[in-house]
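Close look at the chain arrangement
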Amino acid sequence: MIILGIETSCDETAAAVLEKKGGCIQILSNIVASSSELQSKYGGIIPEQAAREQIKAIVPVIQEALEQAKTKPDQLDAIAITFGPGLIGSLLVGVETAKTLAQIWQKPLIPINHLLGHFYANWITPQQPSFPCIGLLVSGGHTDLVLFTDHGKYQYLGGTRDDAAGECFDKCARLLGLSYPGGPEISKLAEKGDANAFSLPRPMMGSKDFDFSFSGLKTAVSHEVKEGVNKFDLSASIEAAIIDVLVEKTVTAVQKYKVEQVMIAGGVAANQKLVRKLQDTITKLQTKIKLHVPPPSLCTDNGAMIAATAFFTNPTKDPLKIEANPNLSLESS
Ligand code: KG4
Ligand code: ZN
């Protein structure tokens, strides 16, 4: 089965062609065009600008994905498209393009929740997760803990009440005068810093629920930023504070629900210190618990994860009825 996956929920314009043979999912092509240079210049995403760039990029990106995969449209079994959550202008570019192509090529259309899509990057690896599995999604817009019991079946455990983990990285980076996206920038400086140099809060770390809150951490960082501040030490302290909270909550969920499978997903899952700390803590808990982490290139937004999710999702009966939903969440769906 061959699926074209299209993703335009935020600033990336992405398309990928994936093939599923037996249980194995293989990437035939994976193209990501980003307007990140513009974002670095303006310190973040300007929604209208992102959508304008995507209108220019979407057709060439899909063409390149098909060419690289050496796949003709008539060889496709379906088209998968992110229909939410995200920026409305950006989502519309992808959704309307996918609907048009599905009509012209007469292909089934599979609408995908972007947040679920992030988790399915873990299925594009030789060792796919099994169920039940605790999933931690940490991206620029979301921080969610979920208990998966099967494909498409999950219990929402908790999420952030304010800023997402990636958003906290980005906002702290901005306070430090670093460029966007801030996560990789902070992580780079953190390598040369002392994580104990600043005592920053770990918001909600001891709370009995699985909710998160990161806006207080950002405020605490804003009080530390002054002329001559050691950016290496402050970066290391920020990174450690965010990671401590994420690891603690995830491990508590693993213990409570007695699972042996854990997966992380989303842009912040590309943070190698998070991966190491989570792996170490889990191993200390019980050696047979398996942690799944996508390769860094599949942690941030891409079309491959959308196509991968589609292998486990039913096509919609009426493709023309699919509508972009900027407020889609894991909690409500
Ligand atoms: O999943 P993603 O590409 O987009 C959303 O769906 O939001 O995640 C982007 C987020 C940004 O906030 C970025 O700063 C963060 O992921 N990020 C990282 C790293 N790489 C990307 N955060 C920490 N460490 C990284 N290495
Ligand atoms: Zn994302």
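You'll find the structure just up there.
Let me sum up the structure you'll find in this document.

Here is what the cut-offs are and how they apply
Think of each chain on its own: its residues are numbered from 1, step by step along the sequence as written. Labels are handed out in written order, letters beginning with A for the chains and numbers beginning with 1 for the ligands. For this predicted model, a pLDDT threshold of at least 70 governs which residues receive local features, and a threshold of 80 or more governs which side-chain atom pairs are given and counted, while totals over whole chains, interfaces and linings are taken from all residues. Remark: hydrogens and water are excluded; side-chain values derive from all non-hydrogen atoms of the structure. Near residues are defined by distance, with any heavy atom within 4 Å of the molecule or strand qualifying the residue. N or O atoms within 3.5 Å of each other form a polar contact, as long as, within protein, one can give a hydrogen and the other can take it, and as long as residues adjacent in sequence are counted only when both atoms are side-chain atoms. Note on areas: these come from Shrake-Rupley sampling with a 1.4 Å probe, and a residue is covered only by the protein chains present in the view. Following the grouping adopted for this structure description, the nonpolar residues are Ala, Val, Leu, Ile, Met, Phe, Trp, Tyr, Cys and Pro, the charged ones are Asp, Glu, Lys and Arg, and the polar ones are all others, Gly among them. Where each domain begins and ends is defined by an automated method or by a domain database. Metal donors: N, O and S atoms at distances within 2.8 Å, or within 3.2 Å for Na, K and Ca, with water omitted from the atom set so that some sites may seem incomplete. Any coordination sphere not matching a tetrahedral pattern (four donors, all angles between 85 and 135 degrees) or a square planar or octahedral pattern (four or six donors, opposite donors over 155 degrees apart, other angles between 65 and 115) is reported as irregular. A helix here means a DSSP run of H or I that spans at least four residues, while a strand means a run of E at least two residues long, and both kinds are numbered starting from the N terminus. Two strands pair under a simple rule: DSSP has to find at least two bridges between them. Note on method: axes are straight lines fitted to C-alpha atoms, helices fitted across the in-contact stretch only, with angles between N-to-C directions ranging 0 to 180 degrees. We call two residues contacting when some pair of their heavy atoms lies within 4.5 Å. Pairing of aromatic rings covers Phe, Tyr and the six-membered ring of Trp, with a centre-to-centre limit of 6.5 Å; geometry is then stacked below 30 degrees between planes, edge-to-face above 60, and tilted otherwise. Only protein chains enter the accessibility calculation, which uses a 1.4 Å probe; a residue is then buried when its area is under 20% of its type maximum, exposed when over 50%, and partly exposed in between.

Before going further, it helps to examine the site of ligand 1. Residues in contact with ligand 1 amount to 20 residues; listed here are only the nearest, His118, Gly140, Asp170, Gly183 and Gly267. Within the backbone of glycine 183, a nitrogen or oxygen atom sits 2.9 Å from an oxygen atom of ligand 1. Glycine 267 has a polar backbone atom sitting 3.0 Å from an oxygen atom of ligand 1. When ligand 1 sits alone it has 560 Å² of accessible area, and the protein chains cover 89% of it. A per-class count over the shell around ligand 1 returns 6 nonpolar, 12 polar and 2 charged. When residues of the shell around ligand 1 are assigned to domains, at least three map to each of domain 1 (2–120 + 298–321) and domain 2 (130–293).

With that settled, consider the coordination of the zinc ion (ligand 2). Distances from the zinc ion (ligand 2) to its protein donors, His114 (NE2), His118 (NE2) and Asp301 (OD), fall within 2.0 to 2.1 Å. Classification of the site at the zinc ion (ligand 2) as tetrahedral follows from its 4 donor atoms and the range of 95 to 134° in their angles at the metal. Taken in sequence order, the residues that donate to the zinc ion (ligand 2) follow the motif H-x3-H-x182-D. Note that histidine 118 is positioned in helix H4 (residues 114–120) and aspartate 301 in the loop between helix H10 (296–299) and helix H11 (303–310), a separation of 183 residues in sequence.

As a further point, take the sheet that holds strand E1 (residues 2–7). Taken in spatial order, the 5 strands of this open sheet run E3-E2-E1-E4-E5, and their pairing is mixed. In this open sheet, the two edge strands, each paired with only one partner strand, are strand E3 (24–34) and strand E5 (109–113). Between one strand axis and the next, the sheet turns by 20° as a mean value, whatever way the strands run. Pairing between E1 and strand E2 (residues 12–21): 6 bridges, direction antiparallel. Bridge pairing links isoleucine 2 to glutamate 19 in E2. Strands in contact with helix H2 (residues 47–68) are E1, E2 and E3; relative to E2, the strand with the most contacts, it is inclined by about 25°.

Our next topic: the packing of aromatic side chains. Describing an aromatic ring pair means giving the distance of the ring centres and the angle of the ring planes. Throughout the structure, instances matching the rule amount to 8 aromatic pairs. A centroid spacing of 5.0 Å and a plane angle of 75° characterise the contact between phenylalanine 119 and phenylalanine 148, whose relative ring orientation is edge-to-face. With phenylalanine 119 in helix H4 and phenylalanine 148 in strand E7 (residues 143–150), the pair connects residues that are 29 residues apart, well separated along the chain. Phenylalanine 119 gets classed as buried once you look at its relative accessible area, which sits at 0%. For phenylalanine 148, a relative accessible area of 0% translates into the label buried. What links up through ring pairs into an aromatic cluster is the set Tyr120, Trp123, Phe131 and Phe312.

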